[in-house]
Amino acid sequence: MDDLPEQVAWDILGRLNRAVDRSSVSLTCKRLHELDNVQRKSIRVGCGLNPANEALVSLCNRFQNLEKVEISYSGWMSKLGKQLDDRGLYNLSISCPLLADLTLSYCTFITDAGLSHLAFCSHLSALKLIFTPRISGCGILSVVVGCKKLSLLHLIRCLNITRMEWLEYLGKLKTLEDLCIRNCRAIGEGDLIKLGQSWQRLKRLQFEVDANYRYMKVYDRLAVDQWQKQSIPCDSMIELRLVNSIISPGRGLACIFGKCRNLERIHLDMCVGVKDSDIIGLARNSSNLKSISLRVPSDFSLPLLMNNPIRLTDECLEALAANCSSLESVRLSFSDGDFPSISSFSLRGILTLVQKCPLRELALDHVYSFDDVGMQALCAAEHLEMLELTMCQEITDEGLQLAAQFPQLCILKLSKCLGVTDDGLKPLVRTRKLKVLAVDDCPQISERGVQGAAHSVSFKQDLSWMY
């Protein structure tokens, strides 16, 4: 090993992606140990740190070029020793001078005081906080004020963030490119207006409201006025993901739909108030759209929306087909069986997308209008590689057998489909064209029936959903 050319030694370490493998090979000789210490740019630690503060300092001293650190205490119990605390975060800030990406997950001992130490990490550009219950808006503010390069901020289940000065500061800083806020109860759609000029630079936005605790601040009159006056373009936005949000005219995030001219991916999951006009406006202004996922609720319990009929029809699908010539992935999901009484997506609308867009992925969930005729139409889908069908009860063996004729199909996923049996899979067994077949909870398909239908097969059957 001493005679091994340095470039070869570096290449060996560069091919090892798992930390356990890198640790093992570094024990084989002193040379690889020293090279690993220099080359290691990231570590992931957690419950194994004991004592936590001292052990983390030791790791930082060993790997002096660390740029990415993830500290996760998922599954932690008191018998595993004390967690990393505020002092430990201080030690990290001074022992890891190149720190650029930090994730704190289930770190329940860290408070605002500890988080403020990160203000001294001049290279910090990405911060992810996952269930850090003692962190408040003051702690977030101290980080964004001190870290002028912060471009990514993810806050997930941070329940005590109630003050929003940090959002206003990020708006003035204009460095933020990726913002994720999920299940932070006190942060509503209306608060995002505080980003101001940062909307112009933002590339990715994920916003998810806790379904069990919807914060109604979005209906504040002042917030509505601010959104309606919002004139900042969102030309940098390429990905938008909204879950359990409120989408209605002039309110909250509905105001940015027509401003994302370079949007490539959008995911709307159980967003109350989505209308044809929203999707049509999006399609007309986002011609680069490559992926769209819609899961629409059928229970509209909010009094404000009860007098405002909400419908998604074939008109919005036709607008997507006419304006989004690069659309590759479509996912349509109805929240339950009552949805057809509200939405009027028909087979014609779905097939318009299939015929006019180069779809590679098509996923349908609770789409009762899709049947064997739809499967027949997919035989002409030249680019379709992945088909996922969930609770599409109008599809029979006759339709499923047509999948063997799809030109490029290599991945097929079936879940909770009542009308298909082992007979429907027989042509796929003969052709062996599939790379992946996944069958979940289809009562008439047996484990024996899926054997040989693809290079990789998974089969699960739990029929409790039927009762």
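Residues numbered from 1 in each chain as written. Predicted model: local features only at pLDDT ≥ 70, side-chain atom pairs only at ≥ 80, totals over all residues. Heavy atoms only, no water.

1. Digging into the environment of V296
In step 1: Secondary-structure assignment places V296 in strand β10 (residues 291–296).
In step 2: Look at V296 and you get buried, because its relative accessible area is 8%.
In step 3: Between the C-alpha atom of V296 and that of L312, which follows or precedes it by 16 residues, the distance is 8.9 Å. (Helix = DSSP H or I, 4+ residues; strand = E, 2+ residues; numbered from the N terminus. Buried < 20%, exposed > 50% of the residue type's maximum accessible area, 1.4 Å probe, protein only.)

2. Side note on the layout of surface pockets
In step 1: Within this model, the largest pocket holds a volume of roughly 350 Å³.
In step 2: Taken together, 18 residues line the largest pocket, and the ones lying closest to its centre are A19, R40, S42, I43 and R44.
In step 3: Looking at which element gives the most residues to the lining of the largest pocket, the answer is strand β1 (residues 42–46), with four residues. (1 Å grid on protein atoms, 1.4 Å probe; cavity = no way out; pocket = protein on both sides within 12 Å on 5 of 7 lines; lining within 4 Å. Points joined across faces, edges and corners; volume = space filled by probe spheres on them.)

3. With respect to the pattern of salt bridges
In step 1: Taken as a whole and judged by the stated rule, the model has 21 salt bridges.
In step 2: As a salt-bridge pair, D11 and R15 come within 2.8 Å of each other at their nearest N and O atoms.
In step 3: Of the charged contacts in the structure, one is a salt bridge between R44 and E70, with a shortest N-O distance of 3.2 Å. With a gap of 26 residues between them, R44 in strand β1 and E70 in strand β2 (residues 68–72) connect regions that are remote in the sequence.
In step 4: Salt bridges sharing partners connect three or more residues here, namely R204, E239, E264 and R265. (Salt bridge = Lys/Arg side-chain N within 4 Å of Asp/Glu carboxyl O.)

4. A word on the environment of E70
In step 1: Assessed through its relative accessible area of 24%, E70 is described here as partly exposed.
In step 2: Separated by 3.2 Å, the side chains of E70 and R44 make a polar contact. (Polar contact = N/O pair within 3.5 Å; in protein donor to acceptor, adjacent residues only side chain to side chain.)

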